[in-house]
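Architecture at a glance
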Amino acid sequence: MDEETLERIIIKAIKRAASTVPPDVKFALSQALRRETNDIARMQLEAVIENIRLAEEKKLPVCQDTGILYFYVRLPQLADAELIRKTILNATIKATYEIPLRPNAVDSVTGENSGNNVGVNVPWIEFEPSGGDCVEITVFLKGGGADNVSALESLPAGEGLGGIKRSVIKAVMKAGGGPCPPVVLGVGVGGGAYIAMKLAKRALMRPISERNSDPRIAQLENEILEDVNRTGIGPMGLGGETTAIGVNVEVAHRHPASYPLVVLFNCYAVRRVKVKVFPDGKCQFE
Ligand code: SF4
């Protein structure tokens with residue numbers, strides 16, 4: 001596969017990610033609208049659903065906030081990671097102009113905007129080996145309003161599931177309408193602070209229609225979702241029964257003296273796309 005073909009595929013993936021919302025999220029929004037009884041909340045949900053429909057029809061970004069771009073790449077054994085990294089950066093620059101995307105990468109010291117969504121360590125690119133023969137790329141655009149209310153907490157080591165629930169609800173109450181609800185929550189528990197953050201991010205990547213394979217954690221996900229929707233924050237923070245449309249939790253074993261918990265928020269504009277690129281240059285979007 002040549003570099004130019006890969007670049008066009010990545011640009012296409014960024015465009016899809018920016019201008020569509022995955023089917024599991026659209027389904028959850030439509031179900032929420034069916035259940036919601038608060039008039040203002042219903043109006044907000046209708047506006048959100050119509051916004052997504054228009055973005056997909058006109059192939060324009062779902063939100064003006066590009067967010068920060070993340071790329072998760074699964075590589076076959078002989079793939080050239082450095083070439084793929086360079087191609088992702090070039091594709092991001094071209095996608096910024098072609099789609100167009102709001103340039104969102106600013107220098108952390110001076111605040112100067114790079115103008116093309118590429119800067120020091122952004123887009124964030126992670127590689128992991130895969131046993132297959134294709135390169136698998138997941139593009140994720142993470143909005144700033146939702147990211148700003150992320151929470152990291154060290155719970156007392158004796159806390160159980162009840163402590164996790166209380167801490168997530170506390171983070172949701174503090175966030176209020178800031179993350180543009182209805183939100184999807186990615187919760188990471190255990191390991192250490194860094195591991196919990198990585199787990200929370202992984203949780204956000206999982207479709208909200210899928211529950212954790214551990215039944216205890218799956219039940220926790222359902223219970224947190226119910227509790228979050230009892231807070232009354234509602235769509236865009238204007239009240240109602242739909243504050244979240246999904247809660248995914250990932251866990252790791254932890255140090256006996258530590259109980260790290262991370263809550264990552266994603267707004268309703270969940271923008272993630274996965275594409276498989278085969279050696280002959282063909283691609284398959286999921
Ligand atoms: S948090 Fe999400 S919906 Fe809100 S402005 Fe940012 S990207 Fe848009």
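If you're wondering where the values come from, they're calculated on a predicted model, not measured in any experiment. (Residues numbered from 1 in each chain as written. Predicted model: local features only at pLDDT ≥ 70, side-chain atom pairs only at ≥ 80, totals over all residues. Heavy atoms only, no water.)

Here the focus is the environment of Pro182. The residue Pro182 is located in the loop between α6 (161–175) and β5 (183–191) in this model. Spatially, the C-alpha atom of Pro182 lies 9.6 Å from that of Glu241, the residues being 59 residues apart in sequence. Setting aside anything within four residues of it in sequence, one finds Pro182 in contact with Leu29, Leu45, Pro235, Thr242, Thr243, Ala244, Ile245, Cys267 and Tyr268. (Helix = DSSP H or I, 4+ residues; strand = E, 2+ residues; numbered from the N terminus. Contact = heavy atoms within 4.5 Å.)

With respect to spatial proximity, the complete set of residues near the ligand consists of Cys63, Gln64, Asp65, Gly143, Gly145, Ala146, Cys180, Cys267, Tyr268 and Arg271. Taken together, the residues that form the shell around the ligand break down as 5 nonpolar, 3 polar and 2 charged. For the shell around the ligand, the domains that each give at least three residues are domain 1 (3–17 + 62–143 + 271–285) and domain 2 (145–266). (Near = heavy atom within 4 Å. Nonpolar A, V, L, I, M, F, W, Y, C, P; charged D, E, K, R; others polar. Domains from an automatic or database assignment.)

Attention now moves to a positive patch on the surface. The grouping of Lys12, Lys15, Arg16 and Lys59 at the surface amounts to a positive patch. Mapped onto the elements, Lys12 comes out in helix α1 (residues 3–19). (Patch = residues over 30% accessible without salt bridge, like charges linked within 9 Å, V, L, I, M, F, W, Y side chains within 5 Å. Areas by Shrake-Rupley, 256 points an atom, 1.4 Å probe, with all protein chains shown as cover. Salt bridge = Lys/Arg side-chain N within 4 Å of Asp/Glu carboxyl O. Lys, Arg positive; Asp, Glu negative; His and termini not counted. Charge placed at Lys NZ, Arg CZ, Asp CG, Glu CD.)

Another aspect to go through is the sheet that holds strand β7 (residues 260–266). Reading across from one edge, β4-β7-β5-β6 is the order of the 4 strands in this open sheet, with mixed pairing throughout. What marks the edges here is a single partner per strand, and that holds for β4 (151–154) and β6 (244–254). Shown here is a sheet whose adjacent strand axes are inclined to one another by a mean of 15 degrees, direction ignored. Relative to β6, β5 runs parallel, the two sharing 8 bridges. Across the sheet, residue Val187 finds its bridge partner in β6, namely Val249. Each of β4, β5 and β7 touches α6; the most contacted strand, β7, lies at about 40 degrees to it. Strands in contact with helix α8 (residues 215–228) are β5 and β6; relative to β6, the strand with the most contacts, it is inclined by about 140 degrees. (Pairing = 2+ DSSP bridges. Axes fitted to C-alpha atoms, helices over the stretch in contact; angles between N-to-C directions.)

Turning to the packing of aromatic side chains, a few remarks are in order. Tallied over the full model, the rule gives 1 aromatic pair. Geometrically, the ring pair formed by Tyr70 and Tyr72 is stacked, given 6.3 Å between the ring centres and 5 degrees between the ring planes. With respect to class, Tyr70 is no different from Tyr72; both count as buried. The ring of Phe285 is capped by Arg16, whose NZ or CZ atom sits 4.0 Å from the centre of that ring. Here the guanidinium or amino end of Arg254 rests over the ring plane of Tyr259, the centre of that ring lying 4.2 Å away. (Phe/Tyr/Trp six-rings, centres within 6.5 Å; stacked < 30°, edge-to-face > 60°. Buried < 20%, exposed > 50% of the residue type's maximum accessible area, 1.4 Å probe, protein only. Lys NZ or Arg CZ within 6 Å of the ring centre and 35° of its normal.)

On to the pattern of salt bridges, then. Within the structure shown, the criterion is met by 26 salt bridges. Here Lys276 makes a salt bridge to Glu286, at a shortest N to O gap of 3.4 Å. Taken as a pair, Lys276 in strand β8 (residues 271–277) and Glu286 in the segment after β9 (283–285) lie far apart in primary sequence, 10 residues in all. Judged by relative accessible area, which is 54%, Glu286 ranks as exposed. Each member of the salt-bridge network shares a partner with another, and the members are Arg74, Glu128, Glu136, Lys274, Lys276 and Glu286.

Two numbers describe how helix α2 (residues 23–35) lies on helix α3 (residues 39–58): the axes approach to 9 Å, and their chain directions differ by 150 degrees. Comparing the axis directions of α2 and α3 gives the class roughly antiparallel. The interaxial crossing formed by α2 with α3 has left-handed handedness. In contact with Lys26, Leu29, Ser30, Ala32, Leu33 and Arg34 of α2, α3 contributes Arg42, Leu45, Glu46, Val48, Ile49, Ile52 and Glu56. Here the contact of α2 with α3 is composed, by residue class, of 7 nonpolar, 1 polar and 5 charged. (Parallel < 35°, antiparallel > 145°, perpendicular 65-115°, else oblique. Left-handed = near helix turned anticlockwise from the far one by under 90°.)

Turning next to the sheet that holds β8. A sheet is described by the order of its strands in space; here 5 strands give the open sequence β2-β1-β3-β8-β9, paired in mixed fashion. With partners counted over all chains shown, the strands left at the sheet margins are β2 (124–129) and β9, one partner each. Strand-to-strand twist of the sheet, defined as the mean angle between neighbouring strand axes without regard to direction, takes the value 20 degrees. In the sheet, strand β1 (residues 68–75) pairs with strand β3 (residues 135–142) via 7 bridges, with the strands oriented antiparallel. Looking across to β3, one finds that Phe71 is bridged to Val139. The sheet contacts of helix α7 (residues 193–205) involve β1, β2, β3 and β8, and relative to β3 the element is tilted by about 100 degrees.

Moving on to the domain arrangement of the protein chain. How big an interface is tends to be reported as the loss of accessible area on association of its parts. Domain boundaries in the protein chain define domain 1 (3–17 + 62–143 + 271–285) and domain 2 (145–266). Each of domain 1 and domain 2 was reduced to a C-alpha centroid, and the two centroids are 26 Å apart. With 9 residues of domain 1 at the contact, the number on the domain 2 side is 12 residues. Buried surface at the junction of domain 1 and domain 2, both sides included, amounts to about 850 Å², of which 46% is carbon and sulfur. For the pair domain 1 and domain 2, the number of links is 2 salt bridges. In this structure, the salt-bridge partner of Asp147 is Lys142, at a minimum N-O distance of 2.7 Å. Linking domain 1 to domain 2 there are 4 residue pairs in polar contact (both at pLDDT 80 or more). Put simply, the parts of the chain that give the side of domain 1 that touches domain 2 at least two residues each are β1 and β3. Looking at the side of domain 1 that touches domain 2 element by element, the count peaks at 3 residues for β3. (Buried area = accessible area lost by both parts, 1.4 Å probe. Polar contact = N/O pair within 3.5 Å; in protein donor to acceptor, adjacent residues only side chain to side chain.)

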